[in-house]
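# Fold and geometry: a report
The chain contents come next:
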Amino acid sequence: MTLNNIQEYITTLNSGVSLYDLPQEAQENKTIVSHALTRFNYINCMEYIHTKFRDDKEIAKIVLSKDGTQLSYFSDKIKRNKEIIDIAVSNSGLSIKECKRKDVFNDKELALKAIETTPYAIQYFSATIRKDEQVALSAIQKISSTYKFLHYTLKHKKSFLLKVVKYKPTTLYYFCDKFKNDLDICIEAVINDLYIYYILPKKMKVNENLYKAVILHYQKNNFNTEIVNKVFLEDK
């Protein structure tokens, strides 16, 4: 194919014609395909792009910088490339499950990038990552239900759970009964979100020490204690 032919096809693309509507020779030309993928947003593009490009690093960079989920269409060679994986995961955390190299599942920096875009991606990382407090809190602060994917050691570590309910009180809902009924944890949760009181176990709702601690917190911070009384008393 001559340069003039290539330019003609690119001009056609720029006029609004889809890459998929061009002749086969155009769809197999890397320059034309690269131009189309760079300039336009094709949904699920790799499903339709010629299979010869599924092993092409440059095409992978273009596609995955826009839609990391497309990693599933590329070759195992591409799925093992650390640079490509970083691009895909930074765009869509769930693409981590398509990776074909073991070390990435133990990469804390990559895990934080994945969680930034897709908190549920934490479930695909190693036990070492899932019990890292920074990674775990990063996921929980975005979506409390990611708590269920944490390593069991964190789920039974009170000092960590106190941090969790401080930053994301609604996560208390997912705690085991032991910690749902822990006074210190309940206090921390309620002083950070008064309405968490409504999901507390009955035993904790009637705990006088919980009430006193919340009232004291509100008084120290010059908050209106009337709202505390209203919440605690109306549920009796």
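Below you will find a few notes about this structure. From a predicted model like this one, the values you see are computed outputs, not experimental measurements.

Conventions used here
- Residues numbered from 1 in each chain as written.
- Predicted model: local features only at pLDDT ≥ 70, side-chain atom pairs only at ≥ 80, totals over all residues.
- Heavy atoms only, no water.
- Helix = DSSP H or I, 4+ residues; strand = E, 2+ residues; numbered from the N terminus.
- Rg over C-alpha atoms; globule rule 2.2 N^0.38 Å.
- Buried < 20%, exposed > 50% of the residue type's maximum accessible area, 1.4 Å probe, protein only.
- Contact = heavy atoms within 4.5 Å.
- Areas by Shrake-Rupley, 256 points an atom, 1.4 Å probe, with all protein chains shown as cover.
- Phe/Tyr/Trp six-rings, centres within 6.5 Å; stacked < 30°, edge-to-face > 60°.
- Lys NZ or Arg CZ within 6 Å of the ring centre and 35° of its normal.

Along its length, the protein carries 16 helices and zero strands. Here the C-alpha atoms of the protein give a radius of gyration of 26 Å, more than 25% beyond the 18 Å that 2.2 N^0.38 yields for 236 residues. Residues counted as buried form 42% of the 236 residues belonging to the protein. Residue pairs in contact within the protein that sit at least 24 positions apart in sequence constitute 43% of those at least 6 positions apart. Carbon together with sulfur atoms contributes 48% to the accessible area of the protein, which is approximately 12400 Å² in total.

To describe a pair of aromatic rings, one takes the distance between the centres and the angle between the planes. Enumeration over the complete set of coordinates arrives at nine aromatic pairs. Note on Tyr195 and Tyr198: the rings are 6.1 Å apart at their centroids and 20 degrees apart in plane angle, and the pair reads as stacked. Exposure remark for Tyr195: the relative accessible area of 46% places this residue in the partly exposed category. Seen in terms of ring centroids, Tyr218 and Phe223 are 5.3 Å apart; in terms of plane orientation they differ by 75 degrees. Their pairing is edge-to-face. Ring-pair connections join several aromatic residues into one group, and the members of that group are Tyr195, Tyr197, Tyr198, Tyr211 and Phe232. We note Lys155 situated over the ring of Tyr147; from NZ or CZ to the ring centre the distance is 5.5 Å. Over the ring of Tyr197 we find Lys205; its NZ or CZ atom is 5.8 Å from the centre of that ring.

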